[in-house]
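Here's the letter readout for the chains.
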Amino acid sequence: MLRVCASTAVVAMAVSLSACSSPSQNGSGSDTADTSKWATALSAEEGGGLAELEKAANAEGQLNVIALPHNWSNYGEVIEGFKKKYPAIKINELNPNASSADELKAAQTNKGTDKAPDVFDLGIGTAVISTDKFAPYKVAAWDSIPDDVKESSGLYYGDYTGVMTLGYNKTKYGTIDISNLKTSLADPKFKNTVALNGKPSEAGSAANGFLAVNLNQGGSITHFQPGLDFFAALKEAGTLTTIDVTDATIDSGQTGVVFDWSYNQVSTQERLKTQQNVEWTIVTLPHGEVEQYYNQAISKDAPHPAAARLWEEYLYTADVQNAWLRGGAIPALYATMQKDGSLDQAAAEKLPAVSAPFNYTASQADAMTKWLAAHWDKTIG
């Protein structure tokens, strides 16, 4: 994340050493144009058009993004593409491994400085309870984003989705019997190696991993105790770990089993096969094929409001939507691009087959997040 002065909090330590400096209206850009009008612009058209938006973003000269690991749905290619397309704008990548909750904490910690995040990429559970932190904005491709994955005023909108999966090191552990998942993962051979990708009450990937297990264990979108009982059993068996999952923990073998999005598992599978000749197996859970969009949002306190909006316009182009698709994610404009012929068909054919996808509403996500906040730490820690 960013760094901040004079604070001992963990979040603050991860933020930015120069956050005590005064905000800069124009960043590193040489243009002295006033870009403040973009802080309230509801669309590029309202601000004078995409050409004016690009001019203002170039004047700001910087863009602060957060929680975007390069191997997460191919964000590395997405970021590099933005740099090439807009070379006058420097991208500052803040804490790539931050959770959705961490993103909002960083914005609050650095509010009023030029080191605060400009944009967010959030799980729906965090997005629906944080709309007071967002600035409404509708990208040019707004009408092509499905109505059920966007907030009507433009406070947040879906960008890509995947399916929740179980990934594990088959070379080391053999085949996991998913028909008896709790007993299988309580085996001592998995000591301290079974993980969710974050804390379910804070991270979207972890919350959806929890939900997939909960559904698999007989729970529902309104009844979460079976999922909690599952992870409590693994904790008691000594196989559950709550360390943060990263490429390094997986590559070293510290994390041997993880519930995570299909697009993250695919990059792990390819990396381990190439670098270590390790077979990383990916499976979906019976009755637990959870799908849920991540969501874009612009911070209402964005220090670079024009660059923030230009970034969103960029994300909803065919080039970026196809980049996410090549990373194993299903982009929000998939249906539109399929119709107009701009979809990368070769990448689409590599998506995992899903027999019974499970989706849920924003209000249901809110209820689950609140339930997890009240029960996860007390039970799991």
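My aim in this report is to walk through the structure given alongside it, one point at a time.

Rules and cut-offs
- Residues numbered from 1 in each chain as written.
- Predicted model: local features only at pLDDT ≥ 70, side-chain atom pairs only at ≥ 80, totals over all residues.
- Heavy atoms only, no water.
- Core = buried A, V, L, I, M, F, W, Y, C linked by side-chain atoms within 4.5 Å.
- Buried < 20%, exposed > 50% of the residue type's maximum accessible area, 1.4 Å probe, protein only.
- Contact = heavy atoms within 4.5 Å.
- Helix = DSSP H or I, 4+ residues; strand = E, 2+ residues; numbered from the N terminus.
- Axes fitted to C-alpha atoms, helices over the stretch in contact; angles between N-to-C directions.
- Parallel < 35°, antiparallel > 145°, perpendicular 65-115°, else oblique.
- Nonpolar A, V, L, I, M, F, W, Y, C, P; charged D, E, K, R; others polar.
- Pairing = 2+ DSSP bridges.
- Expected span 1.5 Å × (residues − 1).
- Bend = angle between axes of the 7 residues up to and from the residue.

Details of the nonpolar core
Thought 1: One finds Leu185, Phe231, Phe259 and Trp311 to be the most contacted residues of the largest nonpolar core, which totals 105 residues.
Thought 2: Among residues more than four places away in sequence, those in contact with Trp311 are Leu63, Val65, Leu68, Tyr75, Val78, Ile79, Phe82, Ile91, Val119 and Gln296.
Thought 3: Counting residues in each nonpolar core, the second largest holds seven residues, with Ala195, Leu272, Val278 and Trp280 among its members.

Description of unusual backbone geometry
Thought 1: One non-glycine residue with positive phi stands out, namely Asn277, at about 55°.
Thought 2: Its place among the elements puts Asn277 in the loop between helix H12 (262-276) and strand S9 (280-283).
Thought 3: Residue classification places Asn277 among the exposed residues on the basis of a relative accessible area of 54%.
Thought 4: In this model, His287 sits at a positive phi of 70°, which is unusual for a non-glycine residue.
Thought 5: Inspection of the secondary structure puts His287 in the loop between S9 and strand S10 (294-299).
Thought 6: Using a relative accessible area of 69% as the deciding quantity, one classes His287 as exposed.

Structural notes on the packing of helix H9 (residues 204-216) against helix H10 (residues 225-237)
Thought 1: Interaxial distance between H9 and H10 falls to 7 Å at its minimum, and their mutual angle equals 100°. By the angle class used here, H9 and H10 are roughly perpendicular. Residues Phe210, Val213 and Asn214 of H9 touch H10, and the partners they reach there are Gln225, Pro226, Gly227, Leu228, Phe230 and Phe231.
Thought 2: A breakdown of the residues in the contact of H9 with H10 according to their chemical character gives six nonpolar, three polar and no charged.

What to know about the packing of H9 against helix H17 (residues 362-379)
Thought 1: Viewed as axis vectors pointing N to C, H9 and H17 meet at an angle of 90°, and their least axial separation amounts to 11 Å. By the angle between their axes, H9 is roughly perpendicular relative to H17. Within the contact between the two elements, H9 uses Ala207, Phe210 and Leu211 and H17 uses Met368, Trp371, Leu372 and Trp376.
Thought 2: In terms of residue class, the contact of H9 with H17 is made up of seven nonpolar, no polar and no charged.

A closer look at the sheet that holds strand S6 (residues 164-169)
Thought 1: With mixed pairing, four strands are arranged side by side in an open sheet as S7-S8-S6-S9. A strand with exactly one partner marks an edge of an open sheet, and here the two such strands are strand S7 (194-196) and S9. Neighbour-to-neighbour, the strand axes of this sheet turn through a mean angle of 25°, independent of strand direction.
Thought 2: Bridge analysis of S7 against strand S8 (residues 257-261) gives three bridges, and the strand direction is parallel. Following the sheet pairing, Val194 is matched in S8 by Val257.
Thought 3: Sitting on the sheet, H9 touches S6, S7 and S8, and the angle it makes with S8 is about 110°.

Structural notes on H9
Thought 1: For H9, spanning 13 residues, the distance from its first C-alpha to its last is 18 Å, which sits close to the expected 18 Å at 1.5 Å a residue.
Thought 2: Counting buried positions along H9 yields 13 of 13 residues, so the element is predominantly enclosed.
Thought 3: Positive phi appears at Gly218, one or two residues downstream of H9, with a value of about 100°.

Some words on H17
Thought 1: Between the first and last C-alpha of H17 there are 25 Å, a value that for 18 residues agrees with the 26 Å anticipated at 1.5 Å per step.
Thought 2: A bend of about 35° at Leu372 is the largest found in H17.
Thought 3: Inspection of H17 places Ala365, Asp366, Met368, Thr369, Trp371, Leu372 and Trp376 among the buried residues, and these make up the whole buried set.
Thought 4: Those residues of H17 hidden inside the fold are in contact with helix H6 (124-128), S7, H9 and H10.
Thought 5: Looking one or two places after H17, you find Gly381, whose phi comes out positive at around 90°.

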